[in-house]
Amino acid sequence: MSTQPPALDNSALSPRHRWRMLKDRFARHAVGVGGISVIIAIVLIFFYLVYVVFPLFLPAEVEKRGDFTLSDGGEGLFMALEEQSGFAVRYTRDGRALFFDTINGNIVSEEQLWDGPIEALASDGPDGRLLALAVGDGQVLLLRHRFLISYPNDQRTVTPRIDYPYGEEPLEVDPQGRAIEHLALRDGEEQLSIAALAGGDLQLARFIKEESFLDESVTLEPEYSGFEGVDIAVEHLLMDLGQAHLYAAAISGELLHYDIRGDEPSLIERVSLTPKGVALGAIDFLIGGNSLLVGSFDGSLSQWFPVRDENNRNRLQRVRGFENSGSAIAQVGTEHRRKGFFSIDTGGRVGIHHTTAERTLLTTQVSDAPLVALAVSPRANAFLAEDAEGRLHFWGVHNEHPEVSWSSLWGEVHYEGYAEADYIWQSSSASNDFEPKFSLMPLAFGTLKAAFYAMLVAVPLAILGAIFTAYFMAPRMRKVVKPSIEIMEALPTVILGFLAGLWLAPVVESHLPGVFALFIIMPLGILLFAFTWRSLPEAIRIRVPEGWEAALLIPVVIFLGWLSFTLSAPMEHLFFAGDMRAWMQSELGIGFDQRNSLVVGLAMGFAVIPTIFSITEDAIFSVPKHLSYGSLALGATPWQTLTRVVILTASPGIFSAVMIGLGRAVGETMIVLMATGNTPVMDFSIFQGMRTLSANIAVEMPESEVASTHYRVLFLAALVLFLFTFVFNTMAEIVRQRLRRKYSSL
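What you are looking at is a predicted structure, and each value in this text was computed from that prediction instead of being measured.

Turning our eyes to something else, we now look at the packing of aromatic side chains. Two numbers describe a pair of aromatic rings. These are the distance of the centres and the angle of the planes. Throughout the structure, instances matching the rule amount to 26 aromatic pairs. When the ring of phenylalanine 575 is compared with that of phenylalanine 576, the centres are 6.4 Å apart and the planes differ by 65 degrees; the resulting orientation is edge-to-face. An aromatic cluster is defined as three or more aromatic residues linked by ring pairs; in this entry it consists of Tyr48, Tyr51, Tyr711 and Phe715. The positively charged end of lysine 437 is found above the aromatic ring belonging to tyrosine 415, 5.2 Å away from the centroid.

This part covers helix α3 (residues 441-472). Between its terminal C-alpha atoms α3 stretches 45 Å, which fits the 46 Å expected from 32 residues at 1.5 Å a residue. The axis of α3 is deflected most strongly, by about 30 degrees, at methionine 455.

Take the pattern of salt bridges next. Counting across every chain of the model gives 30 salt bridges. Among the salt bridges present, the one from arginine 186 reaches aspartate 124, with a minimum N-O distance of 3.9 Å. Pair noted here: arginine 186 is in strand β11 (residues 180-187) and aspartate 124 is in the loop between β6 (120-123) and β7 (131-136), with a separation of 62 residues, a long-range link. For arginine 186, a relative accessible area of 8% translates into the label buried.

There is a patch of like negative charges on the surface, built from Glu210, Glu221, Glu223, Glu228, Asp263 and Glu264. Looking at the secondary structure, you find glutamate 210 in strand β13 (residues 201-211). Residue classification places glutamate 210 among the partly exposed residues on the basis of a relative accessible area of 43%.

What follows covers the sheet that holds strand β12 (residues 191-198). The strand order across the open sheet built from four strands is β11-β12-β13-β14, with neighbouring strands paired in antiparallel fashion. Looking along the sheet, the strands with just one partner apiece sit at the ends: β11 and β14 (218-226). Each neighbouring strand pair of the sheet contributes to a mean axis angle of 20 degrees, computed without reference to strand direction. Two strands pair when backbone bridges link them, and β13 and β14 are joined in this way by nine bridges, in the antiparallel orientation. For glutamate 210, the partnering residue across the bridge sits in β14 and is threonine 219.

This paragraph deals with a nonpolar patch on the surface. A cluster of nonpolar residues, Val494, Ile495, Phe498, Leu499, Leu502 and Trp503, forms a patch on the protein surface that exposes about 590 Å² of accessible area. Positionally, isoleucine 495 belongs in helix α5 (residues 493-510). Since its relative accessible area comes to 42%, isoleucine 495 is described here as partly exposed.

Below, the discussion takes up the environment of phenylalanine 715. By the element assignment, phenylalanine 715 lies in helix α16 (residues 709-743). For phenylalanine 715, a relative accessible area of 13% corresponds to the buried category. Along the sequence, phenylalanine 715 and alanine 184 sit 531 residues apart, while their C-alpha atoms lie 43 Å from each other. When residues no more than four places from it in sequence are discounted, the contact partners of phenylalanine 715 are Tyr48, Leu49, Val52, Val53 and Met701.

Below, the discussion takes up the packing of helix α15 (residues 693-700) against α16. In the contact formed by α15 and α16, the axes pass within 9 Å of each other and the chain directions differ by 150 degrees. Taken as axis vectors, α15 and α16 run roughly antiparallel relative to one another. As α15 runs across α16, the sense of the crossing is left-handed. Across the interface between the two elements, Leu693, Ser694, Asn696, Ile697 and Glu700 of α15 pack against His710, Leu714, Ala717, Ala718, Val720 and Leu721 of α16.

Reading across the sheet, the four strands line up as β15-β16-β17-β18 and stay open at both edges, with antiparallel pairing between neighbours. Two strands bound the open sheet, and with one partner strand each, they are β15 (234-239) and β18 (266-272). Strand-to-strand, the axes of this sheet are offset by a mean angle of 20 degrees, without reference to chain direction. In terms of strand pairing, strand β16 (residues 245-250) meets strand β17 (residues 254-259) through five bridges, oriented antiparallel. Across the sheet, residue alanine 249 finds its bridge partner in β17, namely leucine 255.

Note that isoleucine 162 resides in strand β9 (residues 157-163). As a C-alpha pair, isoleucine 162 and valine 294 span 132 residues in sequence and 32 Å in three-dimensional space. Beyond its immediate sequence surroundings of up to four residues, isoleucine 162 is in contact with Tyr91, Ala97, Phe99, Glu111, Leu113, Leu143, Arg144 and His145.

As a further point, take the side chain of glutamate 82. Topologically, glutamate 82 is positioned in the loop between β2 (76-81) and β3 (87-92). Taking relative accessible area as the criterion, glutamate 82 reaches 2% and is therefore assigned buried. Within the local environment of glutamate 82, its side chain forms a polar contact with the side chain of arginine 156, the two groups lying 3.3 Å apart. Setting aside residues up to four positions removed in sequence, glutamate 82 forms contacts with Phe87, Phe147, Arg156 and Pro378.

Core analysis: the largest hydrophobic core is formed by 75 residues, its most contacted members being Leu440, Met604 and Ile612. The element that contributes the greatest number of residues to this core is helix α11 (residues 597-621), accounting for twelve residues. Beyond its immediate sequence surroundings of up to four residues, isoleucine 612 is in contact with Met455, Ala458, Val459, Ala462, Ile463, Ala657 and Gly661. Among the nonpolar cores identified, the runner-up in size contains 20 residues, and Tyr166, Leu185, Ala198 and Ala205 belong to it.

Further remarks concern the packing of α3 against α11. The geometry of α3 relative to α11 is characterised by a closest axis approach of 6 Å and an angle of 35 degrees between their N-to-C directions. The chirality of how α3 crosses α11 is right-handed. Looking at the contact of α3 with α11 residue by residue, the class counts come to 22 nonpolar, six polar and two charged.

This part takes up the pairing of β17. Counted residue by residue, β17 has five buried out of six residues, so it is predominantly covered. The turn joining β16 and β17, which pair antiparallel and follow one another in sequence, is formed by three residues; a positive phi near 100 degrees is taken by glycine 253. Both β17 and β18 contribute to a ladder of six bridges, which runs antiparallel. Its bridge partner being in β18, tyrosine 258 is matched across the sheet by leucine 267.

Criteria and cut-off values
- Residues numbered from 1 in each chain as written.
- Predicted model: local features only at pLDDT ≥ 70, side-chain atom pairs only at ≥ 80, totals over all residues.
- Heavy atoms only, no water.
- Phe/Tyr/Trp six-rings, centres within 6.5 Å; stacked < 30°, edge-to-face > 60°.
- Lys NZ or Arg CZ within 6 Å of the ring centre and 35° of its normal.
- Helix = DSSP H or I, 4+ residues; strand = E, 2+ residues; numbered from the N terminus.
- Expected span 1.5 Å × (residues − 1).
- Bend = angle between axes of the 7 residues up to and from the residue.
- Salt bridge = Lys/Arg side-chain N within 4 Å of Asp/Glu carboxyl O.
- Buried < 20%, exposed > 50% of the residue type's maximum accessible area, 1.4 Å probe, protein only.
- Patch = residues over 30% accessible without salt bridge, like charges linked within 9 Å, V, L, I, M, F, W, Y side chains within 5 Å.
- Areas by Shrake-Rupley, 256 points an atom, 1.4 Å probe, with all protein chains shown as cover.
- Lys, Arg positive; Asp, Glu negative; His and termini not counted.
- Charge placed at Lys NZ, Arg CZ, Asp CG, Glu CD.
- Pairing = 2+ DSSP bridges.
- Axes fitted to C-alpha atoms, helices over the stretch in contact; angles between N-to-C directions.
- Contact = heavy atoms within 4.5 Å.
- Parallel < 35°, antiparallel > 145°, perpendicular 65-115°, else oblique.
- Left-handed = near helix turned anticlockwise from the far one by under 90°.
- Polar contact = N/O pair within 3.5 Å; in protein donor to acceptor, adjacent residues only side chain to side chain.
- Core = buried A, V, L, I, M, F, W, Y, C linked by side-chain atoms within 4.5 Å.
- Nonpolar A, V, L, I, M, F, W, Y, C, P; charged D, E, K, R; others polar.

Structural data, given as structure tokens:
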């Protein structure tokens, strides 16, 4: 009799086996493709962010477009370019305005403005749209040039034109009829102001505008004022946009700062703009009319603007300097729409600079002869320079994002109107003269601050709760508690942010003493309850099954929370004179913002707890039971087994839970957007708000212009957030692997 087992029916098993193997291979390849796809998607996101951000750091570039000499050009006084830089105008000493093509120098129009010579010329701004021409005998002729654009037969045609907005007759600036040597001009809605140096004296003429209701014509009523204390040989006159301050500078570098708002000008201060023995080469306003750009004969450039001193008075202060060209600065030309400027020197070089970025972007050799005049196009994409030999040089400029530098993004910057350098994010304003502030430091600080307070709330509650649930809680109770906490993760963060901003923040504000009392009363009350419970007779305690003790804490926690908030009002009246917020402000100097870090910590902590709890609980519950049983069999207590065996073995998983929770907190958007004041301030106070990188992107991306500096800096913020997460997760994975190797032998 044969004892061999019956043969398997391979014909029946073969199709099933093949189908199972096919499914296994499909699943393996599908998982592999999915994993690789995720990696490819992440890499593509990274490269797209780099692609958008990269132009921010491209250097400025220039290219030569034209080089010519105007026929019968005469001695030049002022030049200006039209919007597209295709045409320019040049005013000459003999009273002419020459309109010409900037590529070949062909004169397209010429107009005689005055029969005699022009003694001096002043512009109302860098565009030169309103000019004052000193025509002798203390008189000034006001005019403006225009480039009229038309499109006959779909061809862009530029028609130059000279207008006289206040009439073709000169205005009297110096009643004594003396020859005018220097001028300063500002035009406003209500008055026109002209300052002049005539016969060695400073004279201020204000022309009050009176508009006729019949023909909308404007009549100018003059008012004259003289200056006292002018003891320098004035070579430069500058007036601010508000017609409130006048600056008179000498070639020695001495500057007199006058207040011209009253009936009689008054001297505010005397400032030395250059080192002793160094002559002043050029001075002009930066866009906005607040900062002075100063160039000297030693090639140095600097920015000055009023800063409030210890006596609460504004005084001119040198804020920053720029790269020294080595040759005397002949003129500075400001950009019309940004805080950048150009400079020319006697070495034939043109420099491109930006004040906020505090750097020289480019220096290029334009001519072998010294440069004497400069015009910058309205879009700052071209410039026209004239050398001492009368030759004009027209160059194109590509300089899209000059305001971005390492110092402007991550360093303290001294902005106009601020007493000192600071980290500031303020990307937009209602003012045309606004200086964008793109410091990422307040946003990075706010991101870390929000994550810190969220983790401060979430980590102890989640980890300790997970330890109790996985190691001490009864299985039946665990089946209810664990899914209940995990389902909290499905709550939309916009709902949590909504509740935090509209409900939690007012509750915290109105019960501030109770909130802080809660952090004392709750742990002490739970410890007292635990001590009382352990002191009860065993006959009572055994009625509660092992692992169900946590259920007894539910009414205790509710009662302690109610007690803390009930005692809030009495404590506020007893210890804080009825208003804790006002007490903190007056006694401690700590301000209180309703939507603050405390609210964010509570709301974000609530959002992060399920993530940390679930992963930690799984890690602890997955520790092999034979390790726990072996420890207990060797005489260790349950607590010793937990702390010396279970937690150490589960430490890689616990660490991963904390890191994933931190990543969730760092990238959170809606909660911090709705539950904070969303103000980009750097304040460690728990009672102040913040703005995070992610919230800032969500708020400002819809309103940013595509491909603008603002747009690209927002993408840079996203790249910073991406790299932060990547680097932090990489470091976390390294630590996790080391923990796994260290405790895998337990």
